[in-house]
Structures are given as C-alpha cells and as structure tokens.
Amino acid sequence: MVVQPASWEALGVAKSFGRAIAVLFGQGLDEVCKAAFEMGADEVLLAEDPALVDYRAETFASTLAAVAASQSPDLILLPTTTRTREFAAMAAIDLVPAFSWI
C-alpha cells in the first residue's frame, strides 16, 4: 500500500492540535499502521475490508462516516487530494444528522 505524503502532512497538522487518531482504509495494513505511529499518531483505527482495497468513493465515504459517527471527533482532517475531496464531501452529507450542531 502506498501512502500519499499529504496523508502524513495531515497527520502532522492534526498532531499540532493535540491527540491525533489516524484512520487507515484497506487490507494488510500492518506496515502502514507502524508507520502511522512513527509519524506521530496517538492511536490508529483500522478499517480493514477487501472492499476498501480499490478506491470507490461511496465505500470510502460510508466507512469514514461510520468511523466518525462512532468516535465523535472534534475535528476531521484529511489530506488534500482529488480522492479525499470527493469522498469527504460525501461523508459530510452522511454526518450532518450525527452532528446536529451544524
């Protein structure tokens, strides 16, 4: 699995706000999990599923929304990539009811 450098940058920014939790999507994430801790993650959540090996915006969005709803984070930071722009917008729509303060 290849991790975009922007992902590590987002983790660094998250860490500057305090405790940072990384969420990894895919399968066979052991090495990436170790790298996330080395890059400063305080905790790593693994979304390991064969459906997450290949990028599909809907699958990534529903996974992100489910993780966010279960964790109730104060802030969600994502790297700026074409893919994250796409699935983050979809996940935000799913999260509006969960975060009724909007």
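Look above for the structure.
The model shown is predicted, which means the values in this text are computed figures rather than measured ones. (Residues numbered from 1 in each chain as written. Predicted model: local features only at pLDDT ≥ 70, side-chain atom pairs only at ≥ 80, totals over all residues. Heavy atoms only, no water.)

### Overview of a nonpolar patch on the surface
Spelled out, the test is: To count toward a patch, a residue needs a relative accessible area above 30% and no salt bridge. Like charges then connect within 9 Å, nonpolar side chains (Val, Leu, Ile, Met, Phe, Trp, Tyr) within 5 Å. All accessible-area figures derive from a Shrake-Rupley calculation using a 1.4 Å probe, and residue coverage is judged against the displayed protein chains alone. Basic side-chain nitrogens of Lys or Arg form a salt bridge, by our definition, when they fall within 4 Å of a carboxyl oxygen of Asp or Glu. Burial here depends on accessible area, computed with a 1.4 Å probe over protein chains only, as a share of the maximum for the residue type. Under 20% is buried, over 50% is exposed, and the range in between is partly exposed.
A cluster of nonpolar residues, Val13, Phe17, Leu75 and Leu77, forms a patch on the protein surface that exposes about 390 Å² of accessible area. Residue Leu77 is classed as partly exposed on the basis of its relative accessible area of 35%.

### Observations concerning the environment of Ser7
Where we set the bar: Counting from the N terminus, the helices are the DSSP runs of H or I reaching at least four residues and the strands are the DSSP runs of E reaching at least two.
Among the structural elements, Ser7 can be located in helix H1 (residues 5-16). Taking relative accessible area as the criterion, Ser7 reaches 25% and is therefore assigned partly exposed. It is 9.2 Å that separates the C-alpha atoms of Ser7 and Thr81, two residues lying 74 residues apart in sequence.

### A look at the layout of surface pockets
How we decide: Grid points spaced at 1 Å over the protein atoms alone were grouped into cavities, where a 1.4 Å probe fits but cannot get out, and pockets, open sets with protein on both sides within 12 Å along at least five of seven lines, with lining residues defined by an atom within 4 Å of a point. Grid points are joined across faces, edges and corners, and a volume is the space filled by probe spheres set on the points. Three classes are used: nonpolar for Ala, Val, Leu, Ile, Met, Phe, Trp, Tyr, Cys and Pro, charged for Asp, Glu, Lys and Arg, and polar for all others, with Gly counted as polar.
Space inside the largest pocket adds up to approximately 1300 Å³. In terms of lining residues, the largest pocket is bounded by 40 residues, among which Val23, Leu24, Leu77, Leu78 and Pro79 are the most central. Looking at the lining of the largest pocket, the elements with two or more residues in it are H1, strand S1 (21-26), helix H2 (30-38), helix H3 (57-71) and helix H4 (82-95). Per-class residue counts for the lining of the largest pocket are 31 nonpolar, five polar and four charged.

### Some remarks on the pairing of S1
Our working rule: In short, DSSP must find at least two bridges between two strands for them to pair. A right-handed crossover is one whose linking path, passing over the helix from the first strand to the second, runs clockwise when the strands point away from the viewer.
Relative to strand S2 (residues 43-48), S1 is paired through six bridges, and the arrangement is parallel. Across the sheet, the residue bridging to Phe25 is Ala47, located in S2. In this region the chain leaves S1, passes through H2 and returns to the parallel neighbour S2; the handedness of that crossover is right-handed.

### Things to note about the pattern of salt bridges
Note that side chains of opposite charge can pair when their charged atoms are close. Going through the model one piece at a time under the given rule, you end up with three salt bridges. In this structure, Glu43 and Arg19 form a salt bridge, with 2.9 Å as the shortest nitrogen-oxygen distance. Of the two residues, Glu43 sits in strand S2 while Arg19 sits in the loop between H1 and S1, which places them 24 residues apart along the sequence. Exposure remark for Glu43: the relative accessible area of 26% places this residue in the partly exposed category. The exposed category is assigned to Arg19, whose relative accessible area is 58%.

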